[in-house]
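Observations on the model geometry
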Amino acid sequence: MAKVPVQFTLNGSEKAEFVESGTTLLNALRDKIGDTSPKGGCHQGTCGACSVIIDGELRLSCLTLAETCGGADVRTTAGLAEGGVLHPLQRAFLDAFATQCGFCTPGMIMAAKVLLDRTPNPSREDVVEALSGNICRCTGYEPIIQAVLLAARANSQNAA
Amino acid sequence: MAIRRGRGVAAINYPTGMNLGGDPTQALVHSTPTGNFMVTLSSVDLGQGMKQIMAQICAETIGVPTDRVVIDTADTDTGPHCMGTFASRGTHRAGNAVIQAAKEARQVMLEVAAEELEVNASDLETDGEGNIQVKGAPQKSISIFDVALSAHFKRGRSISGRGMFLIPRSYPEKETGAMKPSTCYAHACTVAEVEVDDETGEVTVLTVKNVFEIGRALNPKMVEQQLVGGSWMGISHALYETTEPYYPSRDHGGTDFNQYLMPGPGDLAETEIIVLERPSADGPFGAKGPGEMCANPQIPAVANAVFDAVGVRIDTLPITPERILRALKAQAVG
C-alpha cells in the first residue's frame, strides 16, 4: 500500500513522516517518531492510556488516524517538562504517590492538563469527571485525584 | 421497595509467599569502582516499588545512603535465581537474600578499609553517609569511594556478596495432615457500609474502613499507596470484575477490554486505612507481604454488608444486581 506523508507539530517541533495509510497516531508516535509516552493499553478507545492533546482537545491517539493530523498541534507527556524542570502535574503525581506501575499515568496527566488549562481551580467533581475516561489498575484513583487538586493549588499559588 | 443500608465485617490472615517445591530467591551485590553498590535480582518491579525497597534494604545493611545503590532486576537469563514477583513474596524473600548478600559485601568492604586505615576490621563502623570510621575515633576515617578504588586498583579485591533465601517445602504429616505452609502471615480487617436498592439490586459502597497488619512498613508511604489501591481493587472484585459470563453460555461472556467492567474514578467509596506494625521474626527488618492480602477482606465484608442490608447471601462473585434480585426473589418465594 502506498505510504502517505504526514506533517504535524509534536510538542513544538515539526515532524514529517511517511506512514502506511490507516496507521494510528499512537503507532506513528511510538514506532515512527519514537515518542513512547502515550501508551497502548486497549487499542479500542476504552482505557485512556494513549490520550494526547490535539489542537487543545483531549484525544485518544489509538482511535486517531495519523493522516488526519496534518498541520495539527500534538502534545504528549514527553513534552511537558521544560529544561529538565517537571511540569506541575508531573511534580504533583510524584508528591502525591499517584503512580504505581505508571502505565495509565501519561494519559491521566494529559486528561488533567486539559482540565487545568480550562478550569484552573477545579472541584473534586470536576477532576473525577475529567479523569472518567481513563482507567487505572493500581492506585484506586484517589491518589490521582489528589495529585490533580495538588497541581491546581500549586498553579494558583504560582499565579498569585 | 427501598434503599436499604447494611454493614459487614471481615477479617483475614494471609500467607507471605508460597509452599510448592520450596520457595527460593537469590541476590548478588557488588560495588562499582566508585563505591556505589549494584544489586542483581531476577525479581520484577511491577510498580509496587520493589526497586526502592531493595535499595533501602541493601543501603541499610551495608551502611550507605539509599541513592548509592542501584537495583538491576528481571533478567532470568542472566540474573540470580528468583521464583518471581507474586504471592506477596517479593519484599520478604528477595529482601532476606539482599540482606545476606549485602552483609558479605559489607564484610569485604570493612576488610579493605581496615587495610587502608591499618586497624582491625572489627573496630570499624559505617557512618551511613558514605564513610567508614574507627569506632570511638571518627576522625580516623576513609570514604567508601576511596575504599572501592583501593579494592579495585590496589588490593585486587571484589567488594561483593552472595545472598540466598529459601523457605523449604513443607510436607503434611501423614497422620494429622499438619504442616507449615507459610512462616509469616499478614492480617487485615475491613468494615464496609453499603446501600442496596432492593428494586434494582444495585449496590453502592459508602465507606470502607480497613486495618492492615503488615509487619514493619519499610516504606510507609509506599505501603499506604499499595493498601489504598488494594482496598479499591477488593471492592472492584466484590461488585464488578469478572471474565466469566453472567449467563451459562460462554457466548455471553466478555471478549475484550471494552466488555470488562472496571470502575472508574467516579465509583469510589470513602476509604480509610490504618496500618499496624507487628514485625515478623523472619522478615527483612520485620517486613511481611502486604501485596495480595490488601485486596481480600473487602470482598467478604461487602458480601456480609449486602446480607445485613437485604438479608440474602450472595456466594458467587461479583455481587451483581442480577444475583441480588434473583436471591431476593427466591427469598420471597421461599
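Residues numbered from 1 in each chain as written. Chains lettered and ligands numbered in written order. Predicted model: local features only at pLDDT ≥ 70, side-chain atom pairs only at ≥ 80, totals over all residues.

1. Points about the overall build of chain B
Secondary structure assignment for chain B yields six helices and eleven strands. On C-alpha atoms alone, chain B measures out to a radius of gyration of 26 Å, which is more than a quarter above the 20 Å that the 2.2 N^0.38 rule sets for 334 residues. Taking the principal axes of its C-alpha atoms as reference, chain B extends roughly 90 × 45 × 45 Å. A burial count over chain B gives 41% of its 334 residues as buried. Contacts in chain B between residues at least 24 apart in sequence constitute 76% of all its contacts with a sequence separation of at least 6. (Helix = DSSP H or I, 4+ residues; strand = E, 2+ residues; numbered from the N terminus. Rg over C-alpha atoms; globule rule 2.2 N^0.38 Å. Buried ≥ 20, exposed ≤ 12 C-beta atoms within 10 Å, placed from the backbone. Contact = placed C-beta atoms within 7 Å.)

2. Overview of the interface of chain B and chain A
Facing the 19 residues of chain B at the interface are 19 residues of chain A. Looking at the side of chain B that touches chain A, the element that brings in the most residues is helix H4 (residues 220-239) of chain B, giving seven residues. Class assignment for the residues of the side of chain B that touches chain A results in eight nonpolar, nine polar and two charged. (Nonpolar A, V, L, I, M, F, W, Y, C, P; charged D, E, K, R; others polar.)

3. Details of the domain arrangement of chain B
The accessible area lost on association of the parts is a frequent measure of interface size. Residue and element names in this part refer to chain B. Assigned domains of chain B: these are domain 1 (3-16 + 182-333) and domain 2 (23-167). Between domain 1 and domain 2, the C-alpha centre-to-centre distance is 39 Å. Taken together, the contacts link 18 residues of domain 1 with 15 residues of domain 2. Partitioned by chemical class, the residues of the side of domain 1 that touches domain 2 number nine nonpolar, seven polar and two charged. (Domains from an automatic or database assignment.)

4. So, the pairing of strand S7 (residues 137-143) of chain B
All names here are of chain B. Pairing geometry for strand S6 (residues 131-134) and S7, over four bridges, is antiparallel. From the neighbouring strand, Val-134 faces S7, where its bridge partner is Ala-137. Following S6, the chain reverses through two residues before pairing antiparallel with S7; Gly-136 in that reversal takes a positive phi of roughly 80 degrees. (Pairing = 2+ DSSP bridges.)

5. Some remarks on the pairing of strand S4 (residues 57-60) of chain A
Of the two faces of S4 of chain A, the one holding Leu-58 and Leu-60 of chain A is buried and the one holding Glu-57 and Arg-59 of chain A is not buried anywhere. Here strand S3 (residues 51-54) of chain A folds back onto S4 of chain A in antiparallel fashion, the turn holding two residues, of which Asp-55 of chain A has a positive phi close to 50 degrees.

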